[in-house]
Amino acid sequence: MEQAAYSLGASPFTTFRRIILPNLAPAMISGAGLAFTRAIAEYGSTNLLTGSIPFSTQVSAVNIFGRIESDDTTAAAAISTVLLVVAFIVLVVLDLFQRWSARRG
């Protein structure tokens, strides 16, 4: 497709914008979404769920494990559920975007 565009006189920028980018956009968006959901479990949960107090914040997995060990299973389940719901919402939004882009062509 790139060679056909070049042979028809398209500039490199036009070829990138109309041929290369539309073919790569779904994969780039999926990768960004999966990286975001992974970041929720690592960095985002540290600031959003446990606060940002130096030397006393924990990653959510450590916080959940500590709450389970101290028999506070309700709080551990609540934190886990919040993380699961946020990740699920991000994945559903990505799926809807991909379906929309597939219908659009």
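Placed above this text is the structure.
Residues numbered from 1 in each chain as written. Predicted model: local features only at pLDDT ≥ 70, side-chain atom pairs only at ≥ 80, totals over all residues. Heavy atoms only, no water.

Caption draft 1: Local environment of helix 4 (residues 73-104). The first and last C-alpha atoms of helix 4 sit 46 Å apart over 32 residues, in line with the 46 Å expected at 1.5 Å per residue. When helix 4 is considered as a whole, its buried residues turn out to be Ala-75, Ala-76, Ile-79, Leu-83, Val-90 and Leu-94. (Helix = DSSP H or I, 4+ residues; strand = E, 2+ residues; numbered from the N terminus. Expected span 1.5 Å × (residues − 1). Buried < 20%, exposed > 50% of the residue type's maximum accessible area, 1.4 Å probe, protein only.)

Caption draft 2: Structural detail: a nonpolar patch on the surface. Residues Phe-16, Leu-21, Leu-24 and Met-28 make up a contiguous nonpolar surface patch of about 350 Å² in total accessible area. Considering the arrangement of structural elements, one finds Phe-16 in helix 2 (residues 12-49). (Patch = residues over 30% accessible without salt bridge, like charges linked within 9 Å, V, L, I, M, F, W, Y side chains within 5 Å. Areas by Shrake-Rupley, 256 points an atom, 1.4 Å probe, with all protein chains shown as cover. Salt bridge = Lys/Arg side-chain N within 4 Å of Asp/Glu carboxyl O.)

Caption draft 3: Broad picture of the side chain of Thr-15. Relative to the helices and strands, Thr-15 is located in helix 2. A relative accessible area of 1% means that Thr-15 is categorised as buried. Those residues in contact with Thr-15, other than ones at most four positions away along the chain, are Glu-2, Ala-5, Tyr-6, Ala-10 and Ile-20. (Contact = heavy atoms within 4.5 Å.)

Caption draft 4: Representation of helix 3 (residues 60-69) within the structure. Listing the buried residues of helix 3 in full gives Ser-60, Asn-63 and Ile-64. When helix 3 is viewed along its axis, its buried side chains cluster within an angular range of 100° and face the same direction. Exposed side of helix 3, more than 90 degrees from the buried face: Ala-61, Phe-65 and Glu-69 are the residues found there. Where helix 3 ends, the next residue or the one after it, Asp-71, has phi of about 60°, a positive value. (Arc of directions from axis to C-beta.)

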